[in-house]
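Structural characterization, general
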Amino acid sequence: MTPRVVIVGSFVQDLCFNCEHFPAPGETTLGRFFTGPGGKGSNQAVAAARLGAAVTFIGAVGDDAFAAGARAFHRREGIRSILIPKRGYATAAATVLVDATAQNEIVVALGASARIQPSDIPPAALRGSRIVVCQHEANPRINAHVFRLARKQGVTTVLNPAPMRGDFDPTILRHTDILIPNETEFVQLARALKLSRSLDEAALAKLDSVALQKLCRGFGVPTVIVTLGSRGCFVSLADRGELVPAFKVKPVDTTGAGDAFVGGFVAALARSPTHVIAAARQANAVAALSVTKPGTSPSMPTAKELARFLKTHA
Ligand code: ATP
Ligand code: RIB
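**Side note on the sheet that holds strand S6 (residues 92-98)**
An order of S3-S2-S6-S7 is seen for the four strands of this open sheet, with the pairing classed as mixed. Only two strands of the sheet have a single neighbouring strand rather than two, namely strand S3 (31-38) and strand S7 (104-109). Ignoring which end each strand starts from, the neighbouring axes of this sheet average 20° apart. Relative to S6, strand S2 (residues 12-19) runs parallel, the two being bridged by seven bridges. Of the residues in S6, the one forming a bridge with Asn18 is Val98.

Structure (structure tokens):
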């Protein structure tokens, strides 16, 4: 059994609609519907658990049918799940639109997830764990609390700042060992920290490795990994930066690719803590497999599927 990964974040019931094109304001389009388990934290927990990691998930849910579904789902996935009930609040839910080009648009209502408090975290939650992961779908106070606890216990802290929020407090970066933003979040973070006034996603895409490494170092975080969609990811370590290319696949739904990446990354890192580039390569493969299937948590590959994929995609 590898050392435990603890993921603190959101379970979200995803209400997914496939459509030819996203409706314009005022427009109604026909589509196909399905619902399934989602939420950035929970998706990451599923991705890591399916790869054999020992995973604890901590989140909050309402007193409704979605909560019962979440408990049953985590049980089936072999996740040690601590879902704190929040009376009077709904379990988080999201509308996920996916168009014919596999792009998505999401609105998420956090409900109970945003109500999780530091006092909800069991004092022994991190005992015996190697890595703890937080995102921005619960609340910022909980992330700061969890990372402070982790630092006291020598647990590696991973922050996936998704989605980027207006109330982001940069002081959490002082307690972060590994930061994993996507391109949008990277640009927003760089602006919030005043590392660059003119940076946008188009400019980011044109940066060479030297310039990107310099920007990454400005965050003051030991390891920064920028996910770059179909280009893969850029891994910035203290002394060097390296582009780790994506695997070539035909995407049908990229929703949750970032979560697959984070889950795949921490599952590998829990086994081999010093092999960051190898973990990023595994993360690219897990995320590539996830974009070939619809849905978020349901699209996360198993260890067997990953092994088969890596054999044919050396
Ligand atoms: P999402 O918000 O859709 O979950 P994201 O914007 O957080 O995704 P991306 O940077 O788009 O994250 O993708 C995360 C990772 O998924 C990439 O680093 C890459 O490894 C993989 N990936 C995404 N899109 C593709 C693709 N079209 N082909 C192969 N791999 C992909
Ligand atoms: O990252 C994808 C997730 O973001 C979806 O599962 C949805 O729940 C939103 O929170």
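Moving on from the model shown.
**Regarding the packing of helix H7 (residues 257-271) against helix H8 (residues 276-291)**
Two elements in contact, H7 and H8, have axes whose closest approach is 7 Å; the angle formed by their N-to-C orientations is 145°. Handedness of the crossing formed by H7 with H8: right-handed. Of the residues in H8, those touching H7 at Ala257, Ala260, Phe261, Gly264, Phe265, Ala267, Ala268, Leu269 and Arg271 are Val276, Ala279, Ala280, Gln282, Ala283, Asn284, Val286, Ala287, Ser290 and Val291. Split into classes, the residues belonging to the contact of H7 with H8 amount to 14 nonpolar, four polar and one charged.

**Observations regarding the layout of surface pockets**
Considering only enclosed or pocket space, the second largest pocket measures out at about 170 Å³ in volume. Taken together, 13 residues form the lining of the second largest pocket, with Pro140, Asn143, Ala144, Asp169 and Ile172 sitting closest to its centre. The element contributing the most residues to the lining of the second largest pocket is helix H3 (residues 140-152), with four residues. Split by residue class, the lining of the second largest pocket holds five nonpolar, four polar and four charged.

**A few points about the sheet that holds strand S11 (residues 223-227)**
What the nine strands build is an open sheet, ordered S5-S4-S1-S8-S9-S10-S11-S12-S13; its pairing is mixed. Looking at the sheet topology across the chains shown, the edges are occupied by strand S5 (80-85) and strand S13 (241-245). Note: strand S12 (residues 232-236) against S13, five bridges, orientation antiparallel. For Val235, the partnering residue across the bridge sits in S13 and is Glu242. Helix H2 (residues 65-76) rests against strand S4 (55-61) and S5 of the sheet, and its axis sits at about 165° to S5.

About the criteria used
- Residues numbered from 1 in each chain as written.
- Chains lettered and ligands numbered in written order.
- Predicted model: local features only at pLDDT ≥ 70, side-chain atom pairs only at ≥ 80, totals over all residues.
- Heavy atoms only, no water.
- Pairing = 2+ DSSP bridges.
- Helix = DSSP H or I, 4+ residues; strand = E, 2+ residues; numbered from the N terminus.
- Axes fitted to C-alpha atoms, helices over the stretch in contact; angles between N-to-C directions.
- Left-handed = near helix turned anticlockwise from the far one by under 90°.
- Contact = heavy atoms within 4.5 Å.
- Nonpolar A, V, L, I, M, F, W, Y, C, P; charged D, E, K, R; others polar.
- 1 Å grid on protein atoms, 1.4 Å probe; cavity = no way out; pocket = protein on both sides within 12 Å on 5 of 7 lines; lining within 4 Å.
- Points joined across faces, edges and corners; volume = space filled by probe spheres on them.

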